[in-house]
Amino acid sequence: MDNHDLRKAGLKVTLPRVKILQQLEASEERHMSAEDIYKALMEAGEDVGLATVYRVLTQFEQAGIVMRHNFEGGSAVFELADEGHHDHMVCLETGQVVEFLDPEIEKRQKLIADEHGFELMDHSLVLYVKPKKK
């Protein structure tokens, strides 16, 4: 994503928006909270306040640039919306978020909706996990 994508989404190109977008794109962690983004910006010497991070993330969500996930037991996390569909596993002990895509699960969900007389339009699947005891 770049400045053109911000304009295309109807957002004015501002330094905080560019910095937050760059942080989301550069991070190895695909799911970041507003606090994570704020801390990373502070460590990089960027002068962007936490309230601004929250405001920009809300604008990005409304514009379809990011997706917000509210996994149980944790604060909201954000990921860029350009990755296509996938499901999530969230570790209850560490908070780690793992993305996965299973064609069999996808097929079954469509079949279940169809069996009940519906067409599946979208879904969100989150598995809450913990490490196996050894």
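Residues numbered from 1 in each chain as written. Predicted model: local features only at pLDDT ≥ 70, side-chain atom pairs only at ≥ 80, totals over all residues. Heavy atoms only, no water.

1. Structural notes on the overall build of the chain
If you tally the helices and strands in the chain, you get five helices and five strands. In terms of overall dimensions, the chain has a C-alpha envelope of 50 × 45 × 20 Å along the principal axes. Summing over all exposed atoms, the chain offers an accessible surface of approximately 8,900 Å²; the carbon and sulfur share of this is 52%. For the chain, the separation between the mean place of its 16 positive charges and that of its 25 negative charges on side chains is 2 Å. (Helix = DSSP H or I, 4+ residues; strand = E, 2+ residues; numbered from the N terminus. Areas by Shrake-Rupley, 256 points an atom, 1.4 Å probe, with all protein chains shown as cover. Lys, Arg positive; Asp, Glu negative; His and termini not counted. Charge placed at Lys NZ, Arg CZ, Asp CG, Glu CD.)

2. Digging into the nonpolar core
Side chains that are nonpolar tend, in soluble globular proteins, to be buried together. Residues Ile 20, Leu 24, Ile 37, Val 53, Leu 57, Phe 60 and Ile 65 are the most contacted members of the largest nonpolar core, which totals 20 residues. Elements with a contribution of two residues or more to this core: α2 (15–26), α3 (34–43), α4 (50–62) and β2 (77–80). Discounting residues that sit within four places of it in the chain, Phe 60 has contacts with Leu 6, Leu 11, Arg 17, Ile 20, Leu 21, Leu 24, Ile 65 and Val 66. (Core = buried A, V, L, I, M, F, W, Y, C linked by side-chain atoms within 4.5 Å. Buried < 20%, exposed > 50% of the residue type's maximum accessible area, 1.4 Å probe, protein only. Contact = heavy atoms within 4.5 Å.)

3. Focus: the sheet that holds strand β5 (residues 126–129)
Overall, mixed pairing links the three strands, which are arranged β4-β3-β5 in an open sheet. Each edge of the sheet is formed by a strand with only one pairing partner; in this case those strands are β4 (97–100) and β5. Averaged over all adjacent pairs, the angle separating strand axes in this sheet is 25°, with direction ignored. The pairing of strand β3 (residues 87–91) with β4 spans four bridges and is classified as antiparallel. By the bridge assignment for β4, Met 89 is matched with Val 98. (Pairing = 2+ DSSP bridges. Axes fitted to C-alpha atoms, helices over the stretch in contact; angles between N-to-C directions.)

4. Some points on the pairing of β3
Among the five residues in β3, four count as buried, and that is most of the element. Joining the antiparallel neighbours β3 and β4 is a turn of five residues, in which Gly 95 adopts a positive phi near 80°. Here four bridges tie β3 to β5, and the two strands are oriented parallel to one another. Across the sheet, residue Met 89 finds its bridge partner in β5, namely Leu 127.

5. Remarks on the environment of Ile 20
On the secondary structure map, Ile 20 appears in helix α2. Measuring from C-alpha to C-alpha, the distance between Ile 20 and Val 56 comes to 7.8 Å, with 36 residues separating the pair along the chain. Those residues within four positions of Ile 20 in sequence are excluded, and the remaining contacts are Ile 37, Leu 41, Val 48, Thr 52, Val 53, Val 56, Leu 57 and Phe 60.

6. Here we look at the side chain of His 69
Along the chain, the position of His 69 falls in strand β1 (residues 66–69). Given the relative accessible area of 9%, His 69 is considered buried. For His 69, the side chain forms a polar contact with the side chain of Glu 79, separated by 2.6 Å. (Polar contact = N/O pair within 3.5 Å; in protein donor to acceptor, adjacent residues only side chain to side chain.)

7. Details of the side chain of Ser 33
The topology assignment puts Ser 33 in the loop between α2 and α3. Each residue touching Ser 33, except ones within four places of it in the same chain, is listed here: Ser 75, Ala 76 and Val 77.

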